[in-house]
Amino acid sequence: MSGVTKRKHVLREMLEDDYELPRDGQQIVRIIASRGNNLHEVETADTETENFLVTMPTKFRKNVWVKRGDFILVEPIEEGGKVKAEICKILTSEHIKEYIKAGIWPECFKKGDTVSNGRYTSNYVKESCDGNIEQFEEQFNEPGHLSPNRNRPDLLAAFEDESTSSEDDN
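Quick summary incoming for the structure in this document. (Residues numbered from 1 in each chain as written. Predicted model: local features only at pLDDT ≥ 70, side-chain atom pairs only at ≥ 80, totals over all residues. Heavy atoms only, no water.)

Details of helix H2 (residues 93-102)
Listed as buried for H2 are Ser 93, His 95, Ile 96 and Tyr 99. Projected down its long axis, H2 carries its buried residues within an arc of 155°, all on one side. (Buried < 20%, exposed > 50% of the residue type's maximum accessible area, 1.4 Å probe, protein only. Helix = DSSP H or I, 4+ residues; strand = E, 2+ residues; numbered from the N terminus. Arc of directions from axis to C-beta.)

What follows is the structure, given as structure tokens:
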């Protein structure tokens, strides 16, 4: 199977409208950080459970990307010491909506979160960013407040110097 065909099948499987609920042993987790070598650190809905590593299966590698804050469905693996689970599905916003309707979405992932562009973001982060944007706009909307870019020569001054020197020559 060619790489393009494989990618097409993997993406179709991930984005299909089949909103299958998690089976026994599978759990919903949130990615905290990428640890390299197709390993990701995740947190579970249980607050007493410590964070652990999950591995991305070969079929997803170089075909699907995940980032911090994404939700995934994992199933445990027996041979893992530090790596305790394998990713079986990457959840989209549509999957999340269906899981909430079915009543299986973990409560701790609901608290203070709102759907934004298919991703879940904390209201606290959104409010603090809005405050920083307002502060930034107030600071830089004053005329003449921006300092010149010191990495570039002042073209206007160079142009004026050339024009005055050419007038002196005449």
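The structure having been displayed, the exposition proceeds.
Description of the nonpolar core
Counting residues in each nonpolar core, the largest one holds 16 residues, and the members touching the most others are Val 42, Val 54, Ile 72, Val 74, Ile 87 and Ile 90. Every element with two or more residues in this core is listed here: helix H1 (3-15), strand E1 (27-36), strand E3 (52-55), strand E4 (71-76) and strand E5 (83-90). The biggest single contributor to this core is E5, with three residues. Ignoring any residue separated from it by four or fewer positions in sequence, one finds Ile 90 in contact with Met 14, Val 64, Val 66, Phe 71, Ile 72 and His 95. (Core = buried A, V, L, I, M, F, W, Y, C linked by side-chain atoms within 4.5 Å. Contact = heavy atoms within 4.5 Å.)

Points about the packing of aromatic side chains
One pass over the full model with this rule turns up three aromatic pairs. On the numbers, 6.1 Å between centres and 55° between planes, the contact of Trp 105 with Phe 109 is tilted. The exposure class assigned to Trp 105 is buried, which follows from its relative accessible area of 3%. Among the aromatic residues, those joined into a ring-pair cluster are Phe 71, Trp 105 and Phe 109. (Phe/Tyr/Trp six-rings, centres within 6.5 Å; stacked < 30°, edge-to-face > 60°.)

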